[in-house]
Amino acid sequence: MDKKFEALIDSAIEKFTMVGVDVKGVLVCDKNGLSLASKDVSISPGPTARLAELAASLSGRRTTVCLEHNEDQVLIQQTDKAVVSVYTKHAT
Amino acid sequence: MSSLVKVFDNVPDCVGYLIMNEEGSIEHSHGDLENNENAANLIYKMVLCAAKISVHPTEKMSFKRFTVSDDQYVYCISCASQRIYVAKRRQESSANA
């Protein structure tokens, strides 16, 4: 199962790279905030799942949360079963 | 106090804004977010949550601003001088449709 996750993460990174966005890390966790898979990320997901859940209840639709600090940003989205965080460099 | 509100004058496609203090109490609200206590509470909880999430995959770095976007609107949230500023803007694609 880990290999499948890794393959999915790699294909997602490839899609981002194709549009010119530099991906530094990907983290997948479940809705309770427990880590399922990660690539190049050493920070634990913690409140990521909670944030995605709050965003979904704010809007009622599928939402993407983007946290930014200068050039660094993390994109968080909740899917049906998991929460995905993608750490990228801001495309200027 | 009105000088705080003026910051939203130049925000394009703004349908509402909200200014809260650091404890989550609403100081100013306008438009879609006017008197919307539910949204204000949710956004306050999100700010507290987001403050603990690192923006960098290996170093601990907290956000300077964050956005919540769906297909119709985007909430732009930032904090300064012990206040939380929220602007609700229409997404470009829905404005053109």
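Please refer to the structure placed before this passage.
Please read these numbers as outputs of a predicted model, since none were measured by experiment.

J.: Whenever I open this one, the overall build of chain A confuses me. Can you help?
T.: When you go through chain A residue by residue, the secondary structure sums to two helices and five strands. The linear arrangement of helices and strands in chain A, starting from the amino end, is α-β-β-α-β-β-β. Its C-alpha atoms give chain A a radius of gyration of 13 Å, near enough to 12 Å, the size a compact globule of 92 residues would have. Taken along its principal axes, the extent of the C-alpha atoms in chain A is 35 × 30 × 25 Å. Restricting to contacts in chain A with at least 6 residues of sequence separation, those with at least 24 account for 39%.

J.: Would you mind showing me how to read the packing of helix α2 (residues 48–59) of chain A against helix α2 (residues 37–50) of chain B here?
T.: Think of two packed helices as two axes; the pair is described by the angle between the axes and how far apart they sit. Packing of α2 of chain A against α2 of chain B leaves a shortest axis separation of 9 Å and a crossing angle of 160 degrees. In terms of axis orientation, α2 of chain A runs roughly antiparallel to α2 of chain B. Note that α2 of chain A runs across α2 of chain B; the crossing there is left-handed. Seen from α2 of chain A, the contacting residues are Arg50, Leu51, Leu54, Ala55, Ser57 and Leu58 of chain A; seen from α2 of chain B, they are Ala39, Leu42, Ile43, Lys45, Met46, Cys49 and Ala50 of chain B. Counted by class, the contact of α2 of chain A with α2 of chain B contains ten nonpolar, one polar and two charged residues.

J.: How should the interface of chain B and chain A be read in this particular structure?
T.: Interface size is commonly expressed as the accessible surface area that is lost when the partners come together. On the side of chain A, 29 residues touch chain B, which itself brings 30 residues to the contact. On the chain B side of the interface with chain A, the three residues burying the most area are Ile53, Val55 and Pro57 of chain B, jointly 24% of the side's total. One can count three salt bridges joining chain B with chain A. Residue Asp71 of chain B is joined to Arg61 of chain A by a salt bridge in which the shortest nitrogen-to-oxygen separation is 3.0 Å. Counting across the interface, chain B meets chain A through eleven residue pairs in polar contact (both at pLDDT 80 or more). The set of elements that each furnish at least two residues to the side of chain B that touches chain A consists of α2, β3 (65–69) and β4 (73–80) of chain B. Counting residues per element, the side of chain B that touches chain A draws most heavily on α2 of chain B, at seven residues.

J.: What is the right way to read the nonpolar core from this model?
T.: One broad trend across soluble globular proteins is that nonpolar side chains are buried collectively. Counting residues in hydrophobic clusters, the biggest one holds 37 residues, and the most contacted among them are Leu51, Leu67 and Ile76 of chain A together with Ile43, Phe66, Ile77 and Val86 of chain B. Among the elements that line this core, the one with the most residues is α2 of chain B, at nine residues. If sequence neighbours within four positions are ignored, Ile43 of chain B has contacts with Leu58 of chain A together with Leu18, Met20, Tyr75, Ile77 and Val86 of chain B.

J.: What should I look at first to understand the environment of Glu71 of chain A in this one?
T.: Residues and elements named next belong to chain A. As for its position among the elements, Glu71 is in the loop between β3 (64–69) and β4 (72–78). Residues Glu71 and Thr88, spaced 17 residues apart in sequence, show a C-alpha to C-alpha distance of 8.6 Å. Among residues more than four places away in sequence, those in contact with Glu71 are Thr88, Lys89 and His90.

J.: Just to check I follow, could you spell out the pattern of salt bridges for this structure?
T.: All names here are of chain B. Counted under the stated rule, the structure contains nine salt bridges over all chains. Residue Glu27 pairs with Arg83 through a salt bridge whose shortest N-O separation is 2.6 Å. Of the two residues, Glu27 sits in strand β2 (residues 26–31) while Arg83 sits in strand β5 (residues 83–90), which places them 56 residues apart along the sequence. Residue Glu27 is classed as partly exposed on the basis of its relative accessible area, which comes to 29%. Assessed through its relative accessible area of 21%, Arg83 is described here as partly exposed.

Conventions used here
Residues numbered from 1 in each chain as written. Chains lettered and ligands numbered in written order. Predicted model: local features only at pLDDT ≥ 70, side-chain atom pairs only at ≥ 80, totals over all residues. Heavy atoms only, no water. Helix = DSSP H or I, 4+ residues; strand = E, 2+ residues; numbered from the N terminus. Rg over C-alpha atoms; globule rule 2.2 N^0.38 Å. Contact = heavy atoms within 4.5 Å. Axes fitted to C-alpha atoms, helices over the stretch in contact; angles between N-to-C directions. Parallel < 35°, antiparallel > 145°, perpendicular 65-115°, else oblique. Left-handed = near helix turned anticlockwise from the far one by under 90°. Nonpolar A, V, L, I, M, F, W, Y, C, P; charged D, E, K, R; others polar. Buried area = accessible area lost by both parts, 1.4 Å probe. Salt bridge = Lys/Arg side-chain N within 4 Å of Asp/Glu carboxyl O. Polar contact = N/O pair within 3.5 Å; in protein donor to acceptor, adjacent residues only side chain to side chain. Core = buried A, V, L, I, M, F, W, Y, C linked by side-chain atoms within 4.5 Å. Buried < 20%, exposed > 50% of the residue type's maximum accessible area, 1.4 Å probe, protein only.

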